[in-house]
Amino acid sequence: MSSIPGVTSVGVVGAGLMGTGIAQVCLQAGYDVVVFDSNPEAVLRADARIKKVLGDGFAGGSLVLANFMGELADCELIIEAVFERRDVKQAALKELGQIAPNSILASNTSTLSITDLASVTPDPRKVAGAHFFSPVPKMKALEVVRALTTSDETIALLIAFGASIGKDTFVAPDQAGFLINRTLIPFMINCINEWVALRGSMTMEQFDQAYKNALGHPMGPLTLADLVGLDVLTDAADSMWQQTRRPDHVCPEIIRQMVASGWLGRKSKKGFYTYPAKS
Ligand SMILES: NC(=O)c1ccc[n+]([C@@H]2O[C@H](COP(=O)([O-])OP(=O)(O)OC[C@H]3O[C@@H](n4cnc5c(N)ncnc54)[C@H](O)[C@@H]3O)[C@@H](O)[C@H]2O)c1
């Protein structure tokens, strides 16, 4: 893996689960990485996590922890991984487009329309989706999403970038959920609704195990929902429902209640399952 022509430095905005993983794989591929998050604690957590994984003798790219978004101005490629909310993403992308007018802007959105996000930027030709999968260092796929306005050059750069960080890239259309989440989110929603209907007759472990055994999946749907984050799942379902009004895109009530209780899944140590403090 090595960096591609024209990109030496990658900016990552949003240093949560996904931003941290994206920063890590970019560093490992030799890119210099600048990470910004509106929550300074998230940047520090990302730094600690990346250093722990990469170890002391790491000889890849350098990591800069930014205090302001303006510090990403020299990054030729900027990947946005902030909350899955249209207003938050549009504000971030608009500002990035002003700060770094020549840079390619890629959104890691799971479900929001890239064309709509790109429309607020100064040059929508330079905006596309770069949808990574969790956990980023392990999952091989990178879904590049072409907006109505994305240029061929932008798509080509993201395909080359994906290869440079060891990902197999495919180009998906700009529709709610693109390719993978268009099918995965309804699957998770259906499973959670079935779990609610069955509650009492099967344990969570039995429910998850049934899917693992029957489908060969590495984890059951409730474990997956905890890993994705119940807040992220809510936002994703809401955004897909806004776009499609399909009944299988309606976020289950139980998920809203769990999120309201601070049960966000693995990241809060409590979701469907309870996780040890140091997991
Ligand atoms: N969790 C998953 O499995 C998964 C998979 C693929 C894509 N995604 C997408 O990736 C994005 C991030 O998801 P996540 O799971 O990392 O969420 P997360 O909650 O772990 O992290 C989001 C981070 O963005 C930061 N943030 C919010 N607004 C910001 C702003 N305006 N400027 C800078 N930072 C800001 C938050 O402080 C937080 O640290 C979402 O769009 C989500 O849909 C998530």
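The structure presented is a predicted model; accordingly, all values stated were derived computationally and were not measured.

Draft legend 1. Representation of the nonpolar core. In this structure, Val10, Ile22, Tyr31, Leu77, Phe132 and Phe161 are the most contacted members of the largest nonpolar core, which totals 34 residues. Take this core: its biggest share by element is six residues, from helix α1 (residues 17-28). Other than its neighbours up to four places away in sequence, Phe132 contacts Met18, Ile22, Ile79, Asn108, Leu142, Phe161 and Ile165. In terms of nonpolar packing, the next biggest core, distinct from the first, is built from 24 residues, Met188, Leu233, Ala236 and Ala237 among them.

Draft legend 2. Structural view of the sheet that holds strand β1 (residues 9-13). Spatial strand order, β3-β2-β1-β4-β5-β6-β7-β8: eight strands in an open sheet with mixed pairing. Edge positions in the sheet fall to β3 (63-65) and β8 (168-173), since each has one partner strand and no second. Strand after strand, the sheet turns through a mean of 25° between neighbouring axes, direction not considered. Note that strand β7 (residues 141-146) and β8 share six bridges and pair parallel. Pairing of Glu143 across the sheet is with Phe170, part of β8. Across the sheet, helix α3 (residues 86-99) lies against β1, β4 (77-80) and β5 (104-107), angled at about 170° from β5, the strand it touches most.

Basis of the calculations
- Residues numbered from 1 in each chain as written.
- Predicted model: local features only at pLDDT ≥ 70, side-chain atom pairs only at ≥ 80, totals over all residues.
- Heavy atoms only, no water.
- Core = buried A, V, L, I, M, F, W, Y, C linked by side-chain atoms within 4.5 Å.
- Buried < 20%, exposed > 50% of the residue type's maximum accessible area, 1.4 Å probe, protein only.
- Helix = DSSP H or I, 4+ residues; strand = E, 2+ residues; numbered from the N terminus.
- Contact = heavy atoms within 4.5 Å.
- Pairing = 2+ DSSP bridges.
- Axes fitted to C-alpha atoms, helices over the stretch in contact; angles between N-to-C directions.

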